[in-house]
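For reference, the chains in residue letters:
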Amino acid sequence: MTPLRAPAAAGRCPRPATAPSPGASRRDGDKADGDATRVARLRQWHRHHRLAFDAAVAVVAFVAILCGAVAGPHGAHGTHLPRFAARELTVTTVVLAALACGALVLRRRLPRTVLAVTGALTIVELVAQSNAPRAPVAGAAVIALFTVASHTDRPTTWRIGALTCVVLTAAAMFFGHRAWYAQENLAIFAWTGMAAAAGDAVRSRRAYVDAIRERAERAERTREEEARRQVAEERLRIARELHDVVAHHIALVNVQAGVASHVMDNRPDQAKQALAHVREASRSALEELRATVGLLRQSDDPKAPTEPAPGLGVLDQLVDGFVRAGLPVALELPPGPQPALPASVDLTAYRVVQEALTNVHKHAGDGARAAVRIVRTEGALTVTVQDDGRGAGAHAAGAAGEGAVPEGGGGHGLIGMRERVQALRGTVVTGPRAAGGFQVRVTLPLGGARTGGTT
């Protein structure tokens, strides 16, 4: 007969493992933070109280040496546990241990001197007690050797470590009351070698951490300098954009407003046409200013444009605005459809034509004519703007092109033009023409620039 299963057992299911409660996680985090805080406080105390720490190390080493001097290597009945009070503590042992451990207080200030003193006291202890069990005064020399290794370079560490190891081991073998191959003699060799290796490892680790910290600080300084440089470049770019937009349209508004004021009484139709041009130029200025300011307000928007819209694709509209303002402009473009220009080159070429025609309108005088010629080759785009003006303003503009400030203006137009072109590794040539007037010739390289504009 098959035995029946207990209903409780049949219906029992394993209890799911429960996740730690938020309170437990919070307590664990607080405990970790407390441990880190205590460690940081200990490090800070050690950094500001090095002499007190070395004194504490010297006291601990002195107690350890005295305990080793009175302890026997084997316990009762041949056990391997040490037995205290198995040896007699002599005055010589106490004095030598006190002198060696007292020297450890100065181990950071005079590491090599302390090593020499502790090593000499160790040899004295080996010679003075050659017929009795030795006290471990060599432990002070081990600590001193560790200090020397942690505060010097690797070649010096190995030279001093090898010399200390050989001298102390040879002294133990020659002056000891046991055979030269006894464990106590080999222990001195092993402990001095490990002290040199441990000190070198500590020094390497400290140098590695210092190098990482210095690299992080240098990277932080470089990042701050790069951020300041980018901010300065961005401010300069914004200043150029605002100058190009405002100077061009305000110049047109000024001229048309003067025309309207002059002919208001005699020719009201022409005055009305001039005021219409003023309205159109001001509206264009407001639109371009709104687009430029919108770039600043939408700097965190990934869909926001990264460059203002104008380019050579709307060059006809720019020329028509100057023609309506009374400046005849002849425009010569490459024949047929052209491949897309890099966006930066397209914008810079448009701003160059805009600034050059604005200067012609302001400085060339009445009756001046302008000619805009754009030539594209495989590796460069050349923009040339010429005028035949003979007014005094043309000479001032020519002086501005050579670096001087034109009379009555700040001269920022041609300066901004040069900065734009130099940012693209292009060239700018400005100056008076032999036949009269002024010329601006800009060459912009096309290789390696970002595409996206149209001609």
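Keep in mind it's a predicted model, so treat the numbers as computed, not measured. (Residues numbered from 1 in each chain as written. Predicted model: local features only at pLDDT ≥ 70, side-chain atom pairs only at ≥ 80, totals over all residues. Heavy atoms only, no water.)

Colleague: What should I look at first to understand the sheet that holds strand E2 (residues 370-376) in this one?
Modeller: Strand order in the open sheet formed by five strands is E1-E2-E3-E5-E4, and the pairing between neighbours is mixed. Edge positions in the sheet fall to strand E1 (329-332) and strand E4 (427-432), since each has one partner strand and no second. Averaged over all pairs of adjacent strands, the angle between strand axes in this sheet comes to 10°, irrespective of strand direction. Summarising the sheet, E4 and strand E5 (residues 438-445) pair through six bridges and their orientation is antiparallel. For Gly-431, the partnering residue across the bridge sits in E5 and is Gln-439. On the sheet, helix H10 (residues 315-324) packs against E1 and E2 and is oriented at approximately 165° with respect to E1. Sheet strands touched by helix H11 (residues 343-363): E1, E2, strand E3 (380-387) and E5. Its angle to E3, the strand with the most contacts, is close to 10°. (Pairing = 2+ DSSP bridges. Helix = DSSP H or I, 4+ residues; strand = E, 2+ residues; numbered from the N terminus. Axes fitted to C-alpha atoms, helices over the stretch in contact; angles between N-to-C directions. Contact = heavy atoms within 4.5 Å.)

Colleague: Looking at this model, I keep getting lost on the packing of helix H5 (residues 111-128) against helix H7 (residues 154-175). Mind explaining?
Modeller: Packed helices, taken two at a time, are described by the angle their axes make and the gap between the axes. The geometry of H5 relative to H7 is characterised by a closest axis approach of 9 Å and an angle of 10° between their N-to-C directions. With respect to H7, the axis of H5 lies roughly parallel. Seen from H5, the contacting residues are Arg-112, Leu-115, Gly-119, Thr-122, Ile-123, Leu-126 and Val-127; seen from H7, they are Thr-156, Ile-160, Thr-164, Val-167, Leu-168, Ala-171, Ala-172 and Phe-175. The residue inventory of the contact of H5 with H7, partitioned by class, reads ten nonpolar, four polar and one charged. (Parallel < 35°, antiparallel > 145°, perpendicular 65-115°, else oblique. Nonpolar A, V, L, I, M, F, W, Y, C, P; charged D, E, K, R; others polar.)

Colleague: Help me out: how do you make sense of the confidence of the model for the chain in this one?
Modeller: As a general rule, the predicted coordinates of low-pLDDT regions are not to be interpreted in detail. Taken residue by residue, the chain gives an average pLDDT of 75. The fraction at 70 or more is 71%. Overall, residues 1-13 carries pLDDT values under 50, and its contacts beyond four positions in sequence, including any with other chains, amount to zero contacts. (pLDDT = per-residue confidence, 0-100.)

Colleague: Whenever I open this one, the environment of Val-124 confuses me. Can you help?
Modeller: As for its placement among the helices and strands, Val-124 is situated in helix H5. Separated by 28 residues in the primary sequence, Val-124 and Leu-96 place their C-alpha atoms 8.3 Å from one another.

Colleague: Explain helix H4 (residues 91-103) here, please?
Modeller: Residue pairs spaced three or four apart in an α-helix point in one direction, given the helix's 3.6 residues per turn. Between its first and last C-alpha atoms H4 spans 18 Å; for 13 residues at 1.5 Å apiece the expected length is 18 Å, and the two agree. For H4, the full list of buried residues reads Thr-93, Leu-96, Ala-97, Ala-100, Cys-101 and Ala-103. What you see down the axis of H4 is that its buried residues fit within an arc of 155°, all on one side. Tucked into the core, H4 has its buried residues touching helix H3 (50-70), H5 and helix H6 (138-150). (Expected span 1.5 Å × (residues − 1). Buried < 20%, exposed > 50% of the residue type's maximum accessible area, 1.4 Å probe, protein only. Arc of directions from axis to C-beta.)

Colleague: What's the story with the packing of H3 against H4 in this structure? I'm lost.
Modeller: Viewed as axis vectors pointing N to C, H3 and H4 meet at an angle of 155°, and their least axial separation amounts to 9 Å. As far as their axial angle goes, H4 and H3 are roughly antiparallel. The element H3 and its partner H4 pack so that their crossing is right-handed. Residues Ala-58, Ala-61, Phe-62, Ile-65, Leu-66 and Ala-69 of H3 lie in contact with H4, whose contacting residues are Thr-93, Val-94, Ala-97, Ala-98 and Cys-101. For the contact of H3 with H4, the residue count by class is ten nonpolar, one polar and no charged. (Left-handed = near helix turned anticlockwise from the far one by under 90°.)

Colleague: How should I be thinking about the side chain of Thr-382 in this particular structure?
Modeller: Within the fold, Thr-382 resides in strand E3. Residues contacting Thr-382, with those up to four places away along its chain left out, are Arg-373, Ile-374, Val-375, Arg-441, Val-442 and Thr-443.

Colleague: Is there a simple way to explain the pattern of salt bridges in this structure?
Modeller: Note on pairing: side chains with opposite charge can pair once their charged atoms come close. What the rule picks out here adds up to nine salt bridges. The partner of Asp-54 in a salt bridge is Arg-107, and the shortest N-O contact between them spans 3.1 Å. Of this pair, Asp-54 sits in helix H3 while Arg-107 sits in the loop between H4 and H5, and the two are 53 residues apart along the sequence. A salt bridge links Arg-213 to Asp-210; the nearest nitrogen and oxygen atoms lie 3.0 Å apart. Of this pair, Arg-213 and Asp-210 both sit in helix H8 (residues 183-263), three residues apart, which is roughly one turn of the helix. Exposure remark for Arg-213: the relative accessible area of 44% places this residue in the partly exposed category. Through salt bridges that share partners, Asp-54, Arg-107 and Arg-108 make up one connected network. (Salt bridge = Lys/Arg side-chain N within 4 Å of Asp/Glu carboxyl O.)

Colleague: It is not clear to me how the pairing of E5 should be interpreted in this structure. Could you clarify?
Modeller: Every regular strand shows the same layout, with side chains that alternate between the two sheet faces. Judged by which residues are buried, E5 turns out to be one-sided: Phe-438, Val-440, Val-442 and Leu-444 face inward and are buried, whereas Gln-439, Arg-441, Thr-443 and Pro-445, on the alternate face, are not. Where E3 and E5 come together, eight bridges link them in antiparallel fashion. If you follow Val-385 over to E5, its bridge partner there is Val-440. Between the antiparallel neighbours E4 and E5 lie five residues, among them Gly-436 with a positive phi of about 105°.

Colleague: Any chance you could explain H3 here in plain terms?
Modeller: Taking 1.5 Å per residue, 21 residues should reach 30 Å; H3 reaches 31 Å between its end C-alpha atoms and fits that length. For H3, the full list of buried residues reads Asp-54, Ala-58, Ala-61, Ile-65, Leu-66, Ala-69 and Val-70. Each buried residue of H3 sits inside an arc of 160° when the element is viewed along its axis, so together they form one side. More than 90 degrees from the buried face of H3, the exposed residues found are Val-59 and Val-60. Packed against the buried residues of H3 are H4 and H6.

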